[in-house]
Structure formats: structure tokens, C-alpha cells
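Residues per chain, in single letters:
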Amino acid sequence: MTRVIKYVLTAGLLAISASLALAHHGSRISYDMSQMVTVKGVVTEYSWNNPHVYFLFDVKDETGKVTSWAAETDPPSTMTRYGWSKNYLKVGDEVTVTVWPSKVGAPRGFLAKLVKADGTVTDHTGQLPPE
Amino acid sequence: MTAWAQARYDAAKPGLGPRGRPLGNDPIMSCNPMGLVRSLIWGLYPAEIIQTPKETFMLFSWFDTRRAIWTDARKLPTDPEPRFYGYSIGQWEGNTFVVESNGFDDRVWLDADGHPVSQDASLEERYRRVDHDTIKFDLILTDPKAYTQPWVAKGLTANLMTHGLDPTVEMREDVCIPSVEAKYKEEVRQPAGEKH
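Residues numbered from 1 in each chain as written. Chains lettered and ligands numbered in written order. Predicted model: local features only at pLDDT ≥ 70, side-chain atom pairs only at ≥ 80, totals over all residues. Heavy atoms only, no water.

1. Thoughts on the overall build of chain B
Thinking step 1. Helix and strand counts for chain B come out as three helices and eight strands.
Thinking step 2. The secondary structure elements of chain B, listed N-terminal to C-terminal, are α-α-β-β-β-β-β-β-β-β-α.
Thinking step 3. Here the C-alpha radius of gyration of chain B, 18 Å, is about what a compact globule of 196 residues would show, namely 16 Å.
Thinking step 4. When its C-alpha atoms are laid out on the principal axes, chain B stretches across 60 × 45 × 30 Å.
Thinking step 5. Burial status across chain B gives 52% buried among its 196 residues.
Thinking step 6. Look at the contacts in chain B between residues 6 or more apart in sequence, and 46% of them connect residues 24 or more apart.
Thinking step 7. With an accessible surface of roughly 9,300 Å², chain B has 51% of that area assigned to carbon and sulfur atoms.
Thinking step 8. Side chains of chain B carry 23 positive and 29 negative charges; the gap between the two charge centres is 3 Å. (Helix = DSSP H or I, 4+ residues; strand = E, 2+ residues; numbered from the N terminus. Rg over C-alpha atoms; globule rule 2.2 N^0.38 Å. Buried < 20%, exposed > 50% of the residue type's maximum accessible area, 1.4 Å probe, protein only. Contact = heavy atoms within 4.5 Å. Areas by Shrake-Rupley, 256 points an atom, 1.4 Å probe, with all protein chains shown as cover. Lys, Arg positive; Asp, Glu negative; His and termini not counted. Charge placed at Lys NZ, Arg CZ, Asp CG, Glu CD.)

Written as C-alpha cells, this is what we have:
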């Protein structure tokens with residue numbers, strides 16, 4: 001799906017790389033692309049909006065303490081190609097979520113893999129090169 | 001880069017690339033206009049082109065932006081009002097559609113790395129349809145207030161809403177909504193990027 005753009009910069013003034021132009025703006029840099037974390041939870045909010053599709057979900061640990069997590073992914077134009085829509089998730093859905101986690105340890109991540117209770121899988125684990 | 005441009009470049013805090021840090025001040029992170037050059041080289045959102053006898057329109061999916069190119073033989077304005085997408089005229093040179101623009105608003109970034117553009121800049125775009133589904137283009141930006149020589153990007157591929165010219169594929173309404181962006185920043189971007 002990634003479109004490759006070749007640049008010939010004769011003046012050498014701008015160093016734009018294809019990955020720079022294509023990458024998710026401003027957020028992916030916050031995530032540790034060298035490791036993944038998997039958590040299970042229940043969706044509390046689903047935002048099908050530009051430029052960041054994301055969802056919040058509550059994760060309960062063994063002591064019963066609930067943490068609100070969030071996973072973000074590509075914009076709707078891209079996610080549509082993976083079969084996502086405004087109805088792909090709804091509040092109350094049980095989800096197993098694998099993310100590249102926040103570098104600062106926050107319960108936030110960039111979506112690598114999502115498994116819904118009905119078995120539907122979105123797997124992007126092989127798609128994103130570390131930045 | 002001139003001193004004027006260097007100061008702007010140093011003030012830019014991009015979220016991507018070698019200078020990228022979490023958060024930052026990229027204009028598009030608060031739904032501010034992307035501007036012409038960045039829209040043309042942005043790979044994530046596609047464009048459509050509509051030709052009429054007097055004007056050619058480029059419709060960028062991102063921000064639902066319309067960019068007009070006059071093809072009625074008018075000249076560029078000599079003292080243009082700044083525009084985020086410039087003032088553009090176009091003409092055919094054989095099979096190449098040549099677009100000249102001026103009147104750029106200097107609040108935009110040229111790229112995700114935060115390179116500036118001044119109101120004195122002029123841009124030439126040269127479009128060629130190299131096969132049925134592909135338009136290639138060159139960009140030549142001349143901006144003596146910002147750069148000591150023109151920058152030239154050749155052989156870029158236009159990210160058109162073609163998908164093989166599949167007529168069933170529709171361009172989305174990819175509006176950037178400030179209130180949604182603010183909520184996203186509060187709920188995701190800020191917690192993910194900041195130490196507490």
C-alpha cells in the first residue's frame with residue numbers, strides 16, 4: 001500500500017524522504033517501535049475521524065484496578081482499505097490489542113494488531129518499519 | 001538557507017524525521033492549512049484533477065482543499081495577496097502542463113521537517129501523463145528570501161485518486177476538525193509523548 005516517491009533534490013536544500021512524507025504525523029515518534037505490548041480490554045470510546053483513528057479501552061488487572069488505554073492507527077482513508085468503518089468498533093466490544101507502546105510508559109500505543117471477540121483480526125505487525 | 005529561513009527552520013519543531021520529537025509545533029497538528037508544496041508531496045491523502053476550459057482544479061482530499069489553476073491566458077498578479085495554496089496559472093507546452101504560482105502565505109511549512117517558504121516564492125510545476133494511470137511532475141521552487149538557490153524535485157508521482165482509474169473509488173471528506181484534533185491531543189498524543 002505504501003507509495004514510493006522518488007525525489008531528486010538537485011539543490012540539496014530539502015531532505016524529504018518518502019517515509020517522512022508518508023509517516024503518520026506527529027505521533028508515531030512517541031512510540032517504541034522495537035517492542036510490542038498486548039493487553040485485553042473493553043472499548044469505551046471509538047473515534048473514526050481524521051487524521052487519527054483511535055479507540056480507548058479499559059484494561060482490568062488481576063487486582064481489579066482499571067486503567068484506561070488508548071490505541072491509535074492510520075487515518076480513515078487508509079483504514080477503509082483494511083475493512084474498517086465507523087462501525088468497526090463500538091463501546092462495550094471486548095478486544096485484544098497489541099500496540100507499539102508509548103516511550104514514556106503511558107497506557108497508549110500505536111496499533112499493531114487487534115483481535116475482536118468475534119475473531120476478526122487486523123494485523124499490521126509486519127507493516128511498520130521502526131523509525 | 002538564508003538567515004531569515006534558518007531562523008524559521010530553527011523555530012520549527014517537527015514531529016517527524018531526524019529532528020522529530022513528540023508534540024512540537026507542526027501547523028497541521030492543529031488543523032492549520034498544509035499549503036501547496038506540502039500537499040503535493042504528501043503521500044497519505046490523494047488528489048483529483050478537474051479540467052474546465054478556463055480553470056483546472058486540483059482537489060486535495062486532505063482538508064477537502066480546492067486549488068484553482070487559471071488557464072485563460074491571464075498573468076500572475078504582480079502584488080498578490082498571500083494564499084496558503086498560492087495564485088496559479090497554467091498552460092500546455094506540448095504534452096506538459098506547466099503551472100506557475102506566486103503569492104504564498106509564509107505560515108506554512110514546505111515539508112514535514114519544517115522548511116519555510118516566503119511570500120516572495122514562485123513555484124513551477126510540470127505535469128506529464130506518462131501512462132494511462134500515472135502523472136509525473138517536477139517542482140521548481142525559487143525563493144531568494146529563503147534559499148540561496150532554487151530547489152528542484154524531479155519525477156515525483158502524483159498521488160491521484162485513481163486506484164487504476166476505478167470509477168467506484170470515491171474521495172473521502174478528509175476534513176481536519178480542530179475540536180476533534182484537540183480531543184485526540186488530550187486523550188492520546190499528549191499522554192503518549194510526555195513524561196508525567
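Text resumes after the structure shown.
2. Focus: the pattern of salt bridges
Thinking step 1. Under the definition given, this model contains 14 salt bridges over all chains.
Thinking step 2. The partner of A:Glu45 in a salt bridge is B:Lys183, with the nearest N and O atoms 2.3 Å apart. You can see A:Glu45 sitting in strand β1 (residues 37-47) and its partner B:Lys183 sitting in helix α3 (residues 178-193), one on each of two chains.
Thinking step 3. Residue class for A:Glu45 comes out buried when judged on its relative accessible area of 18%.
Thinking step 4. Here B:Asp113 ties to B:Arg19 by a salt bridge, and the two come within 3.4 Å at their closest N and O atoms. With a gap of 94 residues between them, B:Asp113 in the loop between β5 (96-102) and β6 (122-131) and B:Arg19 in the loop between α1 (3-11) and α2 (36-41) connect regions that are remote in the sequence.
Thinking step 5. Relative accessible area serves as the criterion here: at 5%, B:Asp113 is assigned to the buried category. (Salt bridge = Lys/Arg side-chain N within 4 Å of Asp/Glu carboxyl O.)

3. Details of the nonpolar core
Thinking step 1. Core analysis: the largest hydrophobic core is formed by 38 residues, its most contacted members being B:Leu40, B:Tyr127, B:Leu139 and B:Leu141.
Thinking step 2. Non-local contacts of B:Leu141, meaning those with residues more than four positions away in its chain, are made with B:Leu110, B:Val117, B:Ala121, B:Ser122, B:Leu123, B:Tyr147, B:Pro150 and B:Trp151. (Core = buried A, V, L, I, M, F, W, Y, C linked by side-chain atoms within 4.5 Å.)

4. Structural notes on the environment of B:Lys13
Thinking step 1. Tracing the backbone through its elements, the reader meets B:Lys13 in the loop between α1 and α2.
Thinking step 2. Sequence separation between B:Lys13 and B:Asp64 is 51 residues, and the spatial gap between their C-alpha atoms is 26 Å.

5. Points about the environment of B:Ile69
Thinking step 1. Residue position: B:Ile69 is located in strand β3 (residues 65-70).
Thinking step 2. The contact partners of B:Ile69, leaving out residues within four places of it in the chain, are B:Lys54, B:Glu55, B:Thr56, B:Met58, B:Ser88, B:Ile89, B:Gly90, B:Phe97 and B:Val99.

6. Focus: the packing of aromatic side chains
Thinking step 1. Evaluation of the coordinates by the stated rule reveals 11 aromatic pairs over all chains.
Thinking step 2. With a centroid separation of 5.2 Å and an interplanar angle of 25°, the aromatic rings of B:Tyr127 and B:Phe137 are classed as stacked. Taken together, the residues span a long stretch of sequence, with B:Tyr127 in strand β6 and B:Phe137 in strand β7 (residues 134-142) at a distance of 10 residues. Here B:Tyr127 matches B:Phe137 in class, with each residue buried.
Thinking step 3. The structure contains a cluster of three or more aromatic residues connected by ring pairs, namely A:Tyr46, A:Trp48, A:Trp84 and A:Tyr88.
Thinking step 4. Lying across the ring of B:Tyr9, B:Arg19 places its NZ or CZ 3.6 Å from the centre.
Thinking step 5. Just above the ring of B:Trp70 sits the side chain of B:Arg74; from NZ or CZ to the centre is 3.5 Å. (Phe/Tyr/Trp six-rings, centres within 6.5 Å; stacked < 30°, edge-to-face > 60°. Lys NZ or Arg CZ within 6 Å of the ring centre and 35° of its normal.)

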